[in-house]
Amino acid sequence: FEWLDGRPSKQRLLVVANRLPVSAIRKGEDSWQLEVSVGGLVTALLGVKEFEARWIGWAGVNVPDEIGQRALTKALAEKRCIPVFLDEEIVHQYYNGYCNNILWPLFHYLGLPQEDRLATTRSFQSQFDAYKKANQMFADVVNEHYEEGDVVWCHDYHLMFLPKCLKEYNSKMKVGWFLHTPFPSSEIHRTLPSRSELLRSVLAADLVGFHTYDYARHFVSACTRILGLEGTPEGVENQGKLTRVAAFPIGIDSDRFIRALELPQVQEHMKELKERFSDRKVMLGVDRLDMIKGIPQKILAFEKFLEENPNWRDKVVLLQIAVPTRTDVPEYQKLTSQVHEIVGRINGKFGTLTAVPIHHLDRSLDFHALCALYAVTDVALVTSLRDGMNLVSYEFVACQASKKGVLILSEFAGAAQSLGAGAILVNPWNITEVANSIGYALNMPPDEREKRHWHNFMHVTTHTSQEWAETFVSELNDTILEAQLRTKQ
Ligand code: ADP
Ligand code: G6P
């Protein structure tokens, strides 16, 4: 039973994700600037501390030359990051194509490409080949850096093929895979031409994790209905091998946000914002500019609210901070112009010479500015059409201890299952319902706001990213111990 005699307190963890927590910008032949990447996966994993972790992934940039690659590898090593170099063609076919034009929309119930996206379907096979090739490149780098005993934790829809590649290298490698998006109903997943191959590859992992119980259940039924395998309460059985499947709801490093609010620069920023909007209630949206976030729907609901409540027109402002993302994918380019068009029209309709109802920023805010903004907000609007979890809603709650603002939250975000009792839940497709909820939130009495806020605050501060990672890794260790015990018996 030597494997029960405790584990090293700091277990070596290889985190493998398409995107590294820092993105690189080239400043010269051999000099690089590193910036923190934006997205829920990065936010959650940056909060994970109790491991001796190394991060393997793509730095978001094409580096064709050896001098550049060597210099970037060195710069990243200081951040415990190891790069996977992907050339332009692979990025085009694997990242822009298969990941973000096929898997991402499908997993968020937006379906496979249709009409003008049909051209993509024709190149489906070459994109899937590129996807597999890219996954193999990630596996090669993992294999190069792997040491016996390491836990290898693969992340997200970009790397569904990775568990299989890793086990082919070394069947004893401890491999976990976690999906940061929803896993859709098996009826949606079965439309994917490569549905079986992807499921089988994921099943090569020892532990497969999702944000919610529903996503885990969808995955198990996809395996039973599409692959004909047996689903059990523990996971999926395949030729005597059990792949454990479970829900591990993610969280944030809530203390980091709470502490930041005490910093002088954040306080100063809050003061400026309060002065700037002293005569208005502040509503806030913070999203990547992605079609799943329901940004046009959110803005149209705000328009409807202003139309129906003329008394609020000069008393409320919507700040929509939307950082551009995946800008080489045509659907995302279309979304940008659509959002600009709607915002322009509404500001033209309800704006005055001195004020506009919507401030739309197409950029990312630094951490301190973001915290200040969350703290001065009266009502946050999260209207995702589908969302794996949505950490923006958690961040808002963490920053609201003194204001106790209201969260309007889509029932289609994973967070609806954890923050549902404190938030006002809405169907983002129902513009009238969202508009009415805005009115309800703005007029909510303080005791109701307080009660709702504390419910959510308790959840956000007790279900942290640290706890999420520890639970996943310990479950992975246990799963492997149990499998070893079974084979010894
Ligand atoms: P997703 O992972 O789909 O982007 P989440 O809501 O889970 O959605 O996570 C988004 C993360 O990115 C959050 O940590 C949020 O603070 C950050 N983020 C999103 N938009 C911006 C922005 N405009 N500026 C700065 N950070 C942003
Ligand atoms: C979501 C995905 C992440 C991704 C992030 C940002 O959170 O689950 O895997 O990193 O969006 O998207 P990007 O394409 O810029 O990495």
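Residues numbered from 1 in each chain as written. Chains lettered and ligands numbered in written order. Predicted model: local features only at pLDDT ≥ 70, side-chain atom pairs only at ≥ 80, totals over all residues.

Going by the annotation in an unreviewed UniProt entry, the name recorded for the protein chain is alpha,alpha-trehalose-phosphate synthase (UDP-forming), with Paeonia ostii given as the source organism. We quote the UniProt Catalytic activity (unreviewed entry) comment for the protein chain here in full: "D-glucose 6-phosphate + UDP-alpha-D-glucose = alpha,alpha-trehalose 6-phosphate + UDP + H(+)". (UniProt positions renumbered as here; feature names shortened; annotations may be inferred.)

Moving on: the overall build of the protein chain. Broken down by element type, the protein chain carries 19 helices and 17 strands. A compact globule built from 489 residues should have a C-alpha radius of gyration of about 23 Å, and the protein chain, at 23 Å, falls within 12% of that. Principal-axis analysis of the C-alpha atoms places the extent of the protein chain at approximately 70 × 45 × 45 Å. Counting across all 489 residues of the protein chain, residues that qualify as buried make up 47%. In the protein chain, of all internal contacts separated by at least 6 residues, the share reaching a separation of at least 24 is 76%. (Helix = DSSP H or I, 4+ residues; strand = E, 2+ residues; numbered from the N terminus. Rg over C-alpha atoms; globule rule 2.2 N^0.38 Å. Buried ≥ 20, exposed ≤ 12 C-beta atoms within 10 Å, placed from the backbone. Contact = placed C-beta atoms within 7 Å.)

The immediate surroundings of ligand 2 are formed by Arg19, Gly39, Gly40, Leu41, Asp156, His180, Thr181, Thr325 and Arg326. Grouping the constituent residues of the shell around ligand 2 by class yields one nonpolar, five polar and three charged. (Near = placed C-beta within 6 Å. Nonpolar A, V, L, I, M, F, W, Y, C, P; charged D, E, K, R; others polar.)

Attention shifts here to the sheet that holds strand 6 (residues 151–155). Taken in spatial order, the nine strands line up as 5-4-1-6-7-8-11-10-9 in an open sheet, and their pairing is mixed. If you trace the sheet from one side to the other, it starts and ends with strand 5 (81–83) and strand 9 (230–231), each paired once. In terms of strand pairing, strand 6 meets strand 7 (residues 174–178) through five bridges, oriented parallel. Paired with Cys154 across the two strands is Trp177, which belongs to strand 7. Across the sheet, helix 6 (residues 162–169) lies against strand 1 (12–19), strand 6 and strand 7, angled at about 175° from strand 7, the strand it touches most. (Pairing = 2+ DSSP bridges. Axes fitted to C-alpha atoms, helices over the stretch in contact; angles between N-to-C directions.)

Strand order across the open sheet formed by six strands is 14-13-12-15-16-17, with parallel pairing between neighbours. A strand with exactly one partner marks an edge of an open sheet, and here the two such strands are strand 14 (358–361) and strand 17 (424–426). Pairwise comparison of adjacent strand axes, ignoring direction, gives a mean angle of 20° for this sheet. As paired strands, strand 12 (residues 281–288) and strand 13 (residues 316–323) are joined by eight bridges and run parallel to one another. By the bridge assignment for strand 13, Asp287 is matched with Ala322. Contacts from helix 17 (residues 431–442) reach strand 12, strand 13, strand 15 (379–382), strand 16 (406–410) and strand 17, with the element oriented near 170° to strand 17.

Before going further, it helps to examine the environment of Leu263. Its place among the elements puts Leu263 in the loop between helix 10 (254–260) and helix 11 (264–276). Expressed as a C-alpha distance, the spacing of Leu263 and Ala75, which sit 188 residues apart in the sequence, is 29 Å.

If you check helix 18 (residues 446–462), its first and last C-alpha atoms are 24 Å apart, about what 17 residues at 1.5 Å a residue would give, namely 24 Å. Of all the positions in helix 18, only Arg452, His453, Asn456, His459 and Val460 are classed as buried. Along the axis of helix 18, the buried positions cluster into a sector of 125°, meaning they face one direction only. Exposed residues pointing more than 90 degrees away from the buried face of helix 18 are listed as Pro446, Asp447, Glu450, Lys451, Met458 and Thr462. Turning to helix 18, the residues buried within the fold contact helix 10, helix 15 (391–398), strand 16 and helix 16 (416–419). (Expected span 1.5 Å × (residues − 1). Arc of directions from axis to C-beta.)

Relative to the 16 Å expected for twelve residues at 1.5 Å per residue, helix 17 spans 17 Å between its end C-alpha atoms, a close match to the ideal helical length. Its buried side turned inward, helix 17 meets helix 12 (295–308), strand 15, strand 16 and strand 17.

What follows concerns the environment of Ile250. Relative to the elements of secondary structure, Ile250 occurs in the loop between strand 11 (241–247) and helix 10. C-beta crowding within 10 Å serves as the criterion here: with 30 such atoms nearby, Ile250 is assigned to the buried category. Considered as a pair, Ile250 and Gly414 are 164 residues apart in the sequence and their alpha carbons are 9.7 Å apart. If sequence neighbours within four positions are ignored, Ile250 has contacts with Ala44, His211, Met389, Ser465 and Trp468.

As a further point, take unusual backbone geometry. In this model, Arg80 sits at a positive phi of 60°, which is unusual for a non-glycine residue. Its place among the elements puts Arg80 in the loop between helix 2 (66–77) and strand 5. What makes Arg80 exposed here is the crowd of 12 C-beta atoms within 10 Å. Its identity as a non-glycine residue notwithstanding, Asn390 has a phi of 90°, on the positive side. Assignment of secondary structure puts Asn390 in the loop between strand 15 and helix 15.

This paragraph deals with the pairing of strand 12. Most of strand 12 is tucked away, with six of its eight residues classed as buried. Across two bridges, the pairing between strand 12 and strand 15 is parallel. Its bridge partner lying in strand 15, Leu284 is registered against Ala380.

This part is about the nonpolar core. Counting 147 residues, the largest nonpolar core has Val16, Val152, Phe219, Leu407 and Ile408 as its most contacted members. Broken down by element, this core gets its largest block of residues, nine residues, from helix 3 (residues 88–107). In this structure Val152 touches Leu14, Val16, Val142, Tyr146, Leu166, Met173, Lys174 and Val175, once residues within four positions along its chain are discounted. (Core = buried A, V, L, I, M, F, W, Y, C linked by C-beta atoms within 7 Å.)

Below, the discussion takes up the pairing of strand 2 (residues 22–28). The pairing of strand 2 with strand 3 (residues 31–36) spans six bridges and is antiparallel. Its bridge partner being in strand 3, Arg26 is matched across the sheet by Trp32. From the end of strand 2 to the start of strand 3, which pair antiparallel, there are two residues.

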